[in-house]
Amino acid sequence: HPTSDIGNNVTIEAGAIIEAGVVIRESTFIGANVFIGKNTKIGSECKIYQNVVVYKNILIGNKVIIHGSAVIGCDGYGFIKDKDQNFKIPQTGTVLIGNDVEIGANSVIDRATIGETIIGDMSKLDNLVHVGHNVQIGSGCLITAQVGIAGSAKIGGDCQIGGQAGIVPHVDIGSGSIIAAKSGVTKS
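Computed from a prediction, not measured in an experiment: that's the story for all the values here. (Residues numbered from 1 in each chain as written. Predicted model: local features only at pLDDT ≥ 70, side-chain atom pairs only at ≥ 80, totals over all residues. Heavy atoms only, no water.)

A.B. asks: Mind showing me how you'd approach the overall build of the chain here?
C.D. replies: Of the regular secondary structure elements, the chain holds zero helices and 29 strands. Taken over C-alpha atoms, the radius of gyration comes to 16 Å for the chain, in line with the 16 Å a tight globule of 188 residues would show. For the chain, the spread of C-alpha atoms along the three principal axes comes to 50 × 40 × 20 Å. A fraction of 13% describes how many contacts in the chain between residues 6 or more apart in sequence connect residues 24 or more apart. For the chain, the exposed surface amounts to about 9000 Å²; the carbon and sulfur share of it is 51%. (Helix = DSSP H or I, 4+ residues; strand = E, 2+ residues; numbered from the N terminus. Rg over C-alpha atoms; globule rule 2.2 N^0.38 Å. Contact = heavy atoms within 4.5 Å. Areas by Shrake-Rupley, 256 points an atom, 1.4 Å probe, with all protein chains shown as cover.)

As structure tokens, then:
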């Protein structure tokens, strides 16, 4: 879009869509068929690989790597039941991704209902990780494949979470915690 602000030495491959008000800082790579929604800000020296979708109003730090077909900022799972109908709760928040974060292929990070979903600096998410709305992940966390983190969970810094582990909503996980593969975390 003509109102986007593209820094020096940015590569944008064929088929990418950059919407109004987007800022992309210097030396960032945008792969083929990437979608970047309105008013999203992407730092310098990032690599956003093919077919990634970044919704509107997302903030991405410097030196972030997002692998193919990941989705950042889609609606969180928010519904309320009234009689025989399920009504959608608007998801109006954002996602903040810190510096030096890596997000694996086909991972999904939901936008916050209100406020922010946060991925802390230097955290590394493997392929097929799901981060629910309003989750806060501290810095330096290592999260392996097929982990599911439900809404509003808070994970301290330097945690390690093994493959296929699941974390229920609204729990606090202390810094330095290690969660083994296929664990189910039901309490803080």
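A.B. asks: Mind showing me how you'd approach the packing of aromatic side chains here?
C.D. replies: Taken as a whole and judged by the stated rule, the model has two aromatic pairs. Ring geometry for Y77 against F79: centres 5.0 Å apart, planes inclined by 65°, an arrangement best described as edge-to-face. You can call Y77 exposed: its relative accessible area is 69%. What makes F79 partly exposed here is its relative accessible area of 42%. (Phe/Tyr/Trp six-rings, centres within 6.5 Å; stacked < 30°, edge-to-face > 60°. Buried < 20%, exposed > 50% of the residue type's maximum accessible area, 1.4 Å probe, protein only.)

A.B. asks: Sorry, what's going on with the state of the cysteines here?
C.D. replies: Put plainly, two cysteines are in a disulfide when a covalent bond ties their sulfur atoms together. Counted under the stated rule, the structure contains zero disulfides. Free cysteine C46: the closest other cysteine sulfur is in C141, separated by 19 Å. On the basis of relative accessible area, C46 is assigned to the buried category, the value being 1%. Note on C74: no disulfide assigned, nearest cysteine sulfur contributed by C46 at a separation of 19 Å. (Disulfide = S-S within 2.5 Å.)

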